Structures are given as structure tokens and as C-alpha cells.
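Listed below, chain by chain, are the residues.
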Amino acid sequence: WSNEKSTIPELKKAQELAATTLESIPVVETYKFKLIEQLITITGCDVDTLYGSFIKTKAKTHGDIAISLYQLKAGNPAELAKKIVDQFKLNEYVTKVTAAGAFANFTFNHLPLYYGTIKQAIRLGKKYGTNTLGLGKFGIVEYSSPNIAKVFHVGHLRSTIIGSFLHKILDANGWSTLSINYLGDWGKQFGILAIGFQKHGSEELLKKDAIKHLFDVYVKINQDMDEDPTIDDQAKAYFKRMENGDKDALVLWQRFRDLSIAGYEKTYNRLNIKFDLYSGESQYSLSQMRVVLDELNSKGLLKPDNGALVIDLKEHGHGTAVIGKTDGSMLYLSRDIAAADYRHKTYDFEKLFYVVASQQDHHFKQLFKILELMGKTWTDKCTHISFGMIKSKNGTLSTRKGNVVFLADILDQVQEEMHNVMKKNEAKYAQIEDPERVSDIIGMSAVKIQDMAARRIKDYDFDIDRMTSFEGDTGPYLQYAHARLSSIQRKRDDISVTLENLDDIKLDLLTEPSALAVIELVQEYPNVIRELGQTYEPCNLVTYALRLSHAVSSAYNDLWVVGQPEDLAYARLALYGAARTALGNALTLLGLEPLERM
Ligand code: ARG
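Everything quoted here is computed from the prediction, not taken from an experiment.

**With respect to unusual backbone geometry**
- Even without a glycine there, the phi angle at asparagine 306 is positive, about 50°.
- Here asparagine 306 is to be found in the loop between β8 (302-305) and β9 (308-312).

Structure representation (C-alpha cells):
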């Protein structure tokens, strides 16, 4: 279609943009534009109004797309419907127009649409489904954000999985993005930890596994504190020195922080996750806090209350927010106010997402309300992406034996399970180059898909048996579906679909209902990605990937490639290739590394 320039200036521009950036405009969108070309004259409406009035038809039998004539506000809908039916000239794109009350329904010429979709998926490959809607927009995704010296709990695991997904979705929708890990790396507990390290610390263990060692030290010193109340004072004094910028006091803290980040990074790398920036509560110093306090004060928001400084948010239904203590120490909430303000000044974002568990709903309501009361006009660009709990013992991840473990331990356990399953099929196992790595990828797919399979806000059970099953709505099942698609090409390696021969392939040999069902899903993919840019619900993409996998699995029964005449084999390889592109891209967005063999 890009060869054929539209007569409408806006569309011409869109086409040129598409041609220069090579982004995919879904083939079905070009059909919409074909409708618009005529509807402009028939209805007298402009492109945007018409484009915004398209809706899905109730059922495929009603046609492929409808236009809501109420929405056009261009006169009596029923009369308009009749006018459209009378005047619309059917063409190679549109084969039928019907009036249905306040709607006009259109049926497309399916086959070219389908074949266009296959070609587009194959041509665009990893770019298939992406778009440029977010061009020029900048979004920040803050996620994971564990607390140094404390366990990486289930809330952090979910934040990591969902946050990374959100980051990828924004990228796929053309945004520029920045991912921030906002560490819990400040506060009196670092005074406690320092005192604890002086008593129980070991340089050797710190270097070996900082996360685990600092956790152990923190547990020990907390036990000591029950018996020796002076430790608390020592810790307070130590942290005061840190807050005052005492270099000696900060040396130890800096090492704890650096080594912990290095430890986290190992696990993040394994999960295929990378942060653009490690920030944290420590980045907002007392002097920056004073600026915040002054600002709050000048707006008349602060008031003293029992040795604390508070903001009364009761009339807004958010209780009382504690901003600081009169001893001068600042709190989590105040640091978040400073951080938001800093981010706005530094990055001028279009959106700032906080991916944090629903336990902090109240915290974020307070934060956003305070920013608004301070007169920050950009507050509505801040969004809390909330999610439910993983129901497991004490809110911490635990093994079958029930002990508290770290994220890496859970990943090890799932990896081992998957490895054992793989070993059972000796013939297949022998063909896999790096079974350790492959089983790790399947294991992590299991954890991630379980996490994203339902709406974010729902709680779920951390069920290792269920998530590692190869049947049902699981990560291993999706990986298997992708690996099977990859194997089709391997089994017919005398021919292959390439960009050069793509236009010669006789796609019109694909007529079976099971083939068309697969193509329809491939065609849906770009719109799934667009919608995710509004809903931020990973389960919608999981559902899509499962539907596509099921459709492909039904197609295998009737649509063979092996042993078929060349023309037909080519056409089917193209079909499966397009399906593999869509499924592979969906898995990648979900944070899974699509496997070729397993
Ligand atoms: N470190 C915090 C916790 O573990 C999460 C930080 C969330 N982000 C924020 N800007 N408050 O509870």
C-alpha cells in the first residue's frame, strides 16, 4: 500500500512517516483509511472524528468493523446509515456495507488483508506489532526497588516482573523511557547495620554474597538489640553522622550499597532485566528535604502534631500524612515528595509510573494528593501501578521445606525442576546445547507467566507444581508452543521463506479455516500492543499468546509442511513463520526469551 499514495494530506503524511521509520501500521489500519477516504465526502466529517468512531462489530457475521454514527454528530444516525449504504462504492478493500440502527457495518475483502498481514509480520520480524504512537513522549518506570539488608520479598518480585513488562510496552509503543530502581538504601536501619557489621561482619562473607551476609548481620544485631538497649542509641548516632555527610560513616554504607547492587544485578541479568538508573532514598539529602519542607510550609500545609510534622489530608479522605519528626529526621513519604519533584525538574516526563504493591496504595494516594496541594500541575502524570499479593508464608518466598529464601534460591529451585523434566526425554535432551541455561529460561518463564496470568490486582498462590506444568496456562506451555513452531522449519530445511522470495509465495493456497484462524490472531497482535499502552495489564498479552498457541496447535493437525508439494509447503511455512513472529514478539515483551528447542 505504501506505493499507492493516498489523496488525503494527513494520510499521505502518515504513509511517509511509516515508510521512513519502517514501523508497522497494521494492515487493517490501511483498510480503515480506505473507508475514511470515502466517508469524508459522504458524511462531511474530518479524518480524526471518523477514525475515532470506529468500533468492533458485535460478531464477525456483522462484518469486520462498524462506525458509530451517533459519535459522528453529523445528523440523524439512521439517515446517515442509509446514505452511507447508498453512496459507498465497494472496491477491492471493502466488499459489503450494511446499515444496522445507528451503525454502519463494513465487511473487508479478507484474503488480501490476511496475506498482507503474513507478509508484514515476516518483513518486520522483531519490529512486528510495534508502533510510533508515543513518539516524542518520555516515560519513567520505577520498579523493583528492594531494601538493602532486608529480604527481597514477593512484592519486589512482582514489581520486578510487572515493571519490566511495562517498560517494554512503552518502548513498543514508541516512547522514550527511563527505568529506575529506587532502592531502600537510607534510614536508621543503616545505622543499625553499621553497628551490626562492626560486631558480626565478615569482609570475606561480604565479598562472597553481600545480600545474604548483610541480611544475616541485620537479623543478628536486631536480636542483640532486644538485650542491649544502648545499640539503638549508637545506631541513631551513627545514622545522624551519615545524614550530616560524615565521610567516615559513609564509607561503610557506600560499600554495602555497591556490593548489594552488584548482587542484585546478577539476578536481574539472569532475569534479563536491566535498569537505566539505580537511585534510592539516599539520593534525597537533608538539604533537599529542607527545600521541600519550606515549600510545604509556605503553602500552609504543615502543622506540628505530637513531636511530628504532619499534613492533614482527612478532608480528602487520606488521613494524616506524617512528613517528618521534630528531631529533624525525615521519612519515606518526604523523600518520595523530593524524588518526584526532582524527577519532574530533571526529566520533564509525560508519565511517571510507580510499580509498587497494593499495600502502599494509601502511601501513593497521600503522595499524589500532597503534590497536588503543593500546586504541582504535573501530578496527574504520576501513576501508581498497583498489584495484589502472592499468598505465601509471611509474605516471603519460601522453599518447599519452608525456610525463608532469596529470589535466586527460588529461581534455582524452579530451574532444577525443569531440568529434571527435560532429562526424562533422553532423545530430545541430547539435542539441546546448553540444558542448564534452557532449563533456567523455562523455569523463569514459569515464574513470570504465573505472575502475569491474571489481572494485576488479584492475589495468587505461589504454586511451583502448577507453574512448572507443561499443560494449562503456563510459561512452559508457551515456550513449548514457540519451540514447536521453530521445529517446523528445521524439519523442512530444503526450502525457506526469505524476504526475497516472499512475494512469489502463493499465499492464496492458505484457505483452510484453521489457517485463517491463525492469521486473524497474527493480525490482531499490533492492536493488542496498542491497547496494552492504555491498560498496562500483562494478562491481556498472556491471554493473547495462549490463544495464538492454541490456534497454531489446532492448525498442525490439518496443515502439514513435511511431505507437501513445494508451493503448499512454502505457503504454510510463511503462515507458521508469521505466527512464530507474533508469538516470539509477545513472549519477548512478557520478558521471556523465546526458545528454539526445549
Ligand atoms: N523500597 C520500598 C519498599 O520495599 C519500595 C519503594 C517504592 N517506590 C517509591 N517511590 N516509594 O517498600
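**Concerning the site of the ligand**
- In the vicinity of the ligand, the contacting residues are Glu142, Ser145, Asn147, His156, Tyr182, Tyr332, Asp336, Tyr354, Val356, Gln360 and Phe364.
- At a separation of 2.7 Å, a nitrogen atom of the ligand approaches a polar side-chain atom of asparagine 147.
- One nitrogen or oxygen atom from the side chain of tyrosine 332 is found 2.7 Å from a nitrogen atom belonging to the ligand.
- Compared with its free state, where it exposes 350 Å², the ligand has 91% of that area covered by protein.
- Within the shell around the ligand, the residues separate by chemical class into five nonpolar, four polar and two charged.

**Comments concerning the environment of glycine 443**
- Relative to the assigned elements, glycine 443 resides in helix α18 (residues 435-452).
- Sequence spacing of glycine 443 and aspartate 412 is 31 residues, and the spatial spacing of their C-alpha atoms is 8.4 Å.
- With residues near it in sequence (within four places) discarded, glycine 443 still touches Val414 and Met418.

**Regarding the domain arrangement of the protein**
- Each domain of the protein was delimited in the assignment, giving domain 1 (9-108), domain 2 (138-390) and domain 3 (395-589).
- Of note, the centres of domain 1 and domain 3, computed from C-alpha atoms alone, are 35 Å apart.
- In this assembly, five residues from domain 1 lie in contact with five residues from domain 3.
- Roughly 440 Å² is buried in total at the junction of domain 1 and domain 3, and carbon and sulfur atoms are behind 48% of that figure.
- Broken down residue by residue, the surface that domain 1 buries against domain 3 is led by Pro26, Val28 and Lys60, which jointly contribute 65%.
- Inspection of the domain 1/domain 3 interface yields one salt bridge.
- Arginine 530 is the salt-bridge partner of glutamate 29, the closest N and O atoms lying 4.0 Å from each other.

**Brief notes about a positive patch on the surface**
- A surface patch of positive charge is lined by Lys428, Arg484, Arg490, Lys491 and Arg597.
- Broken down by element, the residue count for the positive patch peaks at three residues, all from helix α20 (residues 475-491).
- Among the structural elements, arginine 597 can be located in the segment after α23 (566-589).

**With respect to the environment of alanine 321**
- Turning to its location among the elements, alanine 321 is positioned in strand β10 (residues 320-325).
- Distance in space between the C-alpha atoms of alanine 321 and valine 356 is 19 Å, their sequence separation being 35 residues.
- Aside from chain neighbours lying at most four places away, what touches alanine 321 is Leu309, Val310, Ile311, Leu313, Leu333, Gln366 and Ile370.

Rules and cut-offs
Throughout, residues of each chain are indexed from 1 in the direction in which the sequence is written. For this predicted model, a pLDDT threshold of at least 70 governs which residues receive local features, and a threshold of 80 or more governs which side-chain atom pairs are given and counted, while totals over whole chains, interfaces and linings are taken from all residues. For the side-chain quantities, the full set of heavy atoms in the structure was used; hydrogens and water were omitted. In DSSP terms, a helix is any run of H or I states spanning at least four residues, a strand is any run of E spanning at least two, and both are numbered starting from the N terminus. Residues are classed as near a molecule or strand on a simple rule: at least one heavy atom within 4 Å of it. For the purposes of these results, a polar contact is taken to be a pair of N or O atoms within 3.5 Å, where, inside protein, one atom must be able to donate a hydrogen and its partner to accept one; residues adjacent in sequence count only when each atom of the pair is a side-chain atom. Note on areas: these come from Shrake-Rupley sampling with a 1.4 Å probe, and a residue is covered only by the protein chains present in the view. Gly counts as polar in this scheme, as do all residues outside two lists: the nonpolar Ala, Val, Leu, Ile, Met, Phe, Trp, Tyr, Cys and Pro, and the charged Asp, Glu, Lys and Arg. Here, two residues are considered to be in contact whenever any of their heavy atoms come within 4.5 Å of each other. Throughout, the edges of the domains are those of an automatic or database domain assignment. Summed over both partners, the accessible area (1.4 Å probe) lost when two parts come together is defined as the buried area. Think of a salt bridge as a Lys or Arg side-chain nitrogen and an Asp or Glu carboxyl oxygen that are within 4 Å of each other. For patches, a residue must show more than 30% relative accessible area and have no salt bridge; joins then use 9 Å for like charges and 5 Å for nonpolar side chains, namely Val, Leu, Ile, Met, Phe, Trp and Tyr. We score Asp and Glu as negative and Lys and Arg as positive, and we do not count His or the chain ends. Here the site of a charge means NZ on Lys, CZ on Arg, CG on Asp, or CD on Glu.

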